[in-house]
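Okay, here's what each chain looks like letter by letter:
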Amino acid sequence: MGLAQHFPALIIAILLGIAFLSPILYRWARKTSAPALITALSLSLVMGIVLLIQVHQGGTFYYHMGGWPPPFGVEFKVDFLRVYMLLVVLAVSLWIMVYALKDLEHELKTEMLGWYYSLYALLVGSMAGIALTNDLFNLFVLMEICAISACAIISIKEDRACLEASFKYLILSAMGTGCFLLGVAMLYMVTGQFNYDLVNEALPAAVEQYPNNMFAASSLFIVAFGTKAALFPLHVWLPDAHASAPSPSSAMLSGVVIKIYAFALFIMFYQLFPRPLLDSIPLNEIVLWLSTAGIMFGSIFAMVQVDLKKMLAYSSIGQIGYVFLGIGLDDTIALTGGFYHLLVHALMKSMLFMVAGVIIYSTGIRQIKQLAGVGQVLPLTMIAFTVGAASMIGIPGTGGLISKWYLALGALEVGRPFFVVIILASSLLNAVYYMPIIVNAFMHQETFEHEAKPVPRQMLVTLVIGVLAVIFFGVAPGPTLTLLENAIALLF
Amino acid sequence: MEMLIKVLHNYYYMAAILLFVIGMHTMLTHSNLIKKVIAMNIMDTSVFLLFVAVGYTYGGQAPIVQQGKEVIYINPLPSSLMLTGIVVAISITAYALSLIVKIYRYYGTVDYDEICLIRSQE
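Only a predicted model underlies this, so the values are computations on that prediction, with no experimental measurement involved.

### Overview of the overall build of chain B
Consideration 1: Along its length, chain B carries five helices and zero strands.
Consideration 2: In chain B, the order of α-helices and β-strands from amino to carboxyl end is α-α-α-α-α.
Consideration 3: Its C-alpha atoms give chain B a radius of gyration of 21 Å, clearly above 14 Å, the size a compact globule of 122 residues would have.
Consideration 4: Projected onto the principal axes, the alpha-carbon positions of chain B cover approximately 75 × 40 × 10 Å.
Consideration 5: Considering chain B as a whole, with its 122 residues, one finds that 30% of them fall into the buried category.

Now the structure itself:
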């Protein structure tokens, strides 16, 4: 084993280390800072893959920070599901960063780039930590790092819309973490532990004596993670924040950051709370109906938007609903679908935001109406948009179909065909707002009247990778689904 | 009556929750941005108080081992964790205040309703 057994800690250490180094490198050795960040992200991705191999060979294992076992030390747990989440975070953020290196040059002031790299590495490092940690207080600290760096990569653009949006985001996510910490206090009061497994062991005895603490904690957790993951009535910060941010930040926030909180809520439900207790409170039912409302309203709000990025942001509210739908249906097949959607949506929504970024880079257009005929000047970009939109709608051959298929199967499995209708209806609504853009972009008769700058090859290559990935996960979902089924089988 | 005695006995929990609700309400309803940040701090502090209260035992002493003496200790873990919590709260406050400074430069006001008015007129 040797060094390989320290990989869970090293992934986070490398990312936090590069966050510290980036501004220094940018100040004194400007050419090295971007390659250093890319190297750090690739290195952590390789370590993530090694972790996957380790879990595949040796099963779930624990990593004790500094050699201190719980309840004294912080513990990291490495199992299939966490490694899956870790790989999604690392792979997608590496991919977005390759795109961002070109795009940021025109969106940010030059002297800010080093700081952006720093914040980006902090964000990725904290999310990798959230995916792996097995300790409630550690989760709280990582969530706060994630919240601040997520707000900061919006406000770094320093125009008025960004500042206002990131302040709104900051206040609401501070409310979320406040609620989370209160929930942790409720659990700590009765169990005296922070480690997930130890809390899980201590809860059944504690709940007999103090049942209200468990109710309070679980509802506080729903509010906390719901706010951060934009679960329907708590989504108000998302459209402004994701639409006004620089395009790579939008891709990161919409693609990965909201998912990690959905994942954290899932871990709370299935690893922290003991199963019989979870069955005694209708937590899944609450999440189920909120996500259903989110799926419908997110799509309906998206239809009336005039700004392309705002439309994509509202669409995210609908799409995160699918992940929560998987949690709400509380069924192995539906959960597989939900987690598959987490990966596919991370890919397609990041790609769509990148497309929006390319369009803004090249022509400066944000309004959907002005996009008519854009396919003539940016054909490859709009093909990427078409593939992303097709996956959103769930057309066969794209990843979106597989996840919706599994969610629908799961809904039938638990005997609730109503949610199949919801999935179908929302697919139709997606088609209603994505199709006109595609049709207008390619079928427009007159020539495109706006000027278009040539797009750097690096940006187009990332889009092509995105297209290939979305199609790959639509055509060959087998290995990922097997991984997810194994992962979820461990929880039931 | 029994419930009331329970509540009175645990008055510090009640105080913490009351502060939390005050903080949350002010944070979500007040339009002044500075007041929102103050309310955020009240909310965070209430949770810190709750944690410290959880760790306290009546007549407890600081957890330092003294040879040959049986002493009741207070639980040091919540207090030490709350130090981390305070650091986190401070960093969020600093960031929020710096955002407010920038917002004030662009809009000339720290009132959220007025900012919305200015934005709607654009």
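### Looking at the side chain of Lys404(A)
Consideration 1: When you line up the elements, Lys404(A) lands in helix 17 (residues 399–413).
Consideration 2: Buried within the structure, Lys404(A) lacks any salt-bridge partner; its nearest side chain of opposite charge belongs to Asp331(A), at an N-O separation of 18 Å.

### Structural notes on helix 1 (residues 7–28) of chain A
Residues and elements named next belong to chain A.
Consideration 1: For helix 1, spanning 22 residues, the distance from its first C-alpha to its last is 30 Å, which sits close to the expected 32 Å at 1.5 Å a residue.
Consideration 2: The axis of helix 1 is deflected most strongly, by about 35°, at leucine 21, and proline proline 23 appears within four residues downstream.
Consideration 3: When helix 1 is considered as a whole, its buried residues turn out to be Phe7, Pro8, Ala9, Ile11, Ile12, Leu15, Ile18, Ala19, Ser22, Pro23 and Tyr26.
Consideration 4: In this structure, the buried side of helix 1 is in contact with helix 2 (30–58), strand 1 (61–64), strand 2 (75–78), helix 3 (80–107) and helix 4 (113–132).

### Overview of the interface of chain B and chain A
Consideration 1: Taken together, the contact pairs 40 residues of chain B with 32 residues of chain A.
Consideration 2: For the chain B and chain A pair, buried surface summed over both sides reaches about 3300 Å², with 79% attributable to carbon and sulfur atoms.
Consideration 3: Per-residue buried area on chain B facing chain A is highest for Phe51(B), Tyr95(B) and Tyr106(B); these three make up 18% of the total on that side.
Consideration 4: Run the count over chain B and chain A and you get one salt bridge.
Consideration 5: For Glu164(A), the salt bridge is made with Arg119(B), and the minimal N-O distance between the two is 2.1 Å.
Consideration 6: Summed over the shared surface of chain B and chain A, the result is seven residue pairs in polar contact (both at pLDDT 80 or more).
Consideration 7: If you list the elements that add at least two residues to the side of chain B that touches chain A, you get helix 2 (11–29), helix 3 (33–55), helix 4 (76–107) and helix 5 (112–121) of chain B.

### Points about the pairing of strand 2 of chain A
Residue and element names in this part refer to chain A.
Consideration 1: The alternating pattern of strand 2 places Glu75 and Lys77 and Phe76 and Val78 on opposite faces, both of which are buried.
Consideration 2: As defined by bridge partners, strand 1 adjoins strand 2 across four bridges and the pair is classed as antiparallel. Each bridged residue has a counterpart across the sheet, and for tyrosine 63 the counterpart in strand 2 is phenylalanine 76.

### Re the packing of helix 13 (residues 308–329) of chain A against helix 17 of chain A
Residue and element names in this part refer to chain A.
Consideration 1: Two elements in contact, helix 13 and helix 17, have axes separated by 10 Å at closest approach and are oriented at 25°. If you check the angle between helix 13 and helix 17, you find them roughly parallel. Helix 17 is crossed by helix 13, and the crossing has left-handed handedness. Here Tyr322, Leu325, Gly326 and Leu329 of helix 13 come into contact with helix 17, specifically with Lys404, Leu407 and Ala411.

### What about the pattern of salt bridges?
All names here are of chain A.
Consideration 1: Applying the stated criterion across every chain yields a total of eight salt bridges over all chains.
Consideration 2: Where lysine 157 meets glutamate 107, a salt bridge forms, and the shortest distance between an N and an O atom there is 3.7 Å. In this pair, lysine 157 is assigned in the loop between helix 5 (136–155) and helix 6 (160–191) and glutamate 107 in helix 3, connecting sequence segments 50 residues apart.
Consideration 3: On the accessibility criterion, glutamate 107 (15% relative accessible area) is buried.
Consideration 4: With a shortest N-O distance of 3.1 Å, arginine 366 and aspartate 307 are connected by a salt bridge. Taken together, the residues arginine 366 in the loop between helix 14 (332–363) and helix 15 (374–377) and aspartate 307 in the loop between helix 12 (283–303) and helix 13 connect sequence positions 59 residues apart.
Consideration 5: Aspartate 307 gets classed as buried once you look at its relative accessible area, which sits at 14%.
Consideration 6: Via salt bridges that share partners, Lys168, Asp240 and Lys310 belong to a single interconnected network.

### Quick look at the domain arrangement of chain A
Residues and elements named next belong to chain A.
Consideration 1: Domain assignment breaks chain A into domain 1 (1–280) and domain 2 (282–492).
Consideration 2: Relative placement of domain 1 and domain 2: their C-alpha centres are 23 Å apart.
Consideration 3: The interface of domain 1 with domain 2 comprises 49 residues on the first partner and 54 residues on the second.
Consideration 4: Both sides of the domain 1 and domain 2 interface together cover about 4800 Å² of buried area, and 78% of this is carbon and sulfur.
Consideration 5: Ranking the residues of domain 1 by area buried against domain 2 places Tyr84, Trp95 and Tyr99 at the top, with a combined share of 17%.
Consideration 6: Summed over the shared surface of domain 1 and domain 2, the number is two salt bridges.

### Thoughts on helix 16 (residues 379–393) of chain A
Residue and element names in this part refer to chain A.
Consideration 1: Over its 15 residues, helix 16 runs 21 Å from end to end, which matches the ideal 21 Å to within 8%, given 1.5 Å per residue.
Consideration 2: Burial in helix 16 covers these residues: Thr381, Met382, Ala384, Phe385, Val387, Gly388, Ala389, Ala390, Ser391, Met392 and Ile393.
Consideration 3: Of the surrounding elements, those touching the buried residues of helix 16 are helix 13, helix 14, helix 15, helix 17, helix 18 (418–443) and helix 19 (457–475).
Consideration 4: One or two residues past the end of helix 16 sits glycine 394, with phi positive at roughly 95°.

### Description of a nonpolar patch on the surface
All names here are of chain A.
Consideration 1: A contiguous nonpolar surface patch, about 700 Å² in accessible area, is contributed by Leu380, Ile383, Met435, Val439, Phe442, Met443, Val464 and Leu468.
Consideration 2: Where the nonpolar patch is concerned, the elements lending two or more residues are helix 16, helix 18 and helix 19.
Consideration 3: The element best represented in the nonpolar patch is helix 18, accounting for four residues.
Consideration 4: Relative to the elements of secondary structure, methionine 443 occurs in helix 18.

### Focus: the packing of aromatic side chains
Residue and element names in this part refer to chain A.
Consideration 1: For the structure shown, the criterion picks out 29 aromatic pairs over all chains.
Consideration 2: Taking the centre distance of 5.0 Å and the plane angle of 15° together, the rings of phenylalanine 232 and phenylalanine 297 count as stacked. On the criterion of sequence distance, the pair formed by phenylalanine 232 in the loop between helix 8 (211–229) and helix 9 (238–244) and phenylalanine 297 in helix 12 is long-range, its members being 65 residues apart.
Consideration 3: A residue is classified by how much of its surface remains accessible, and phenylalanine 297, at 37% relative accessible area, is partly exposed.
Consideration 4: Between the aromatic rings of phenylalanine 266 and tyrosine 270, the centroid separation amounts to 4.6 Å while the plane-to-plane angle is 25°, which identifies the pairing as stacked.

Cut-offs applied
- Residues numbered from 1 in each chain as written.
- Chains lettered and ligands numbered in written order.
- Predicted model: local features only at pLDDT ≥ 70, side-chain atom pairs only at ≥ 80, totals over all residues.
- Heavy atoms only, no water.
- Helix = DSSP H or I, 4+ residues; strand = E, 2+ residues; numbered from the N terminus.
- Rg over C-alpha atoms; globule rule 2.2 N^0.38 Å.
- Buried < 20%, exposed > 50% of the residue type's maximum accessible area, 1.4 Å probe, protein only.
- Lys, Arg positive; Asp, Glu negative; His and termini not counted.
- Salt bridge = Lys/Arg side-chain N within 4 Å of Asp/Glu carboxyl O.
- Expected span 1.5 Å × (residues − 1).
- Bend = angle between axes of the 7 residues up to and from the residue.
- Contact = heavy atoms within 4.5 Å.
- Buried area = accessible area lost by both parts, 1.4 Å probe.
- Polar contact = N/O pair within 3.5 Å; in protein donor to acceptor, adjacent residues only side chain to side chain.
- Pairing = 2+ DSSP bridges.
- Axes fitted to C-alpha atoms, helices over the stretch in contact; angles between N-to-C directions.
- Parallel < 35°, antiparallel > 145°, perpendicular 65-115°, else oblique.
- Left-handed = near helix turned anticlockwise from the far one by under 90°.
- Domains from an automatic or database assignment.
- Patch = residues over 30% accessible without salt bridge, like charges linked within 9 Å, V, L, I, M, F, W, Y side chains within 5 Å.
- Areas by Shrake-Rupley, 256 points an atom, 1.4 Å probe, with all protein chains shown as cover.
- Phe/Tyr/Trp six-rings, centres within 6.5 Å; stacked < 30°, edge-to-face > 60°.

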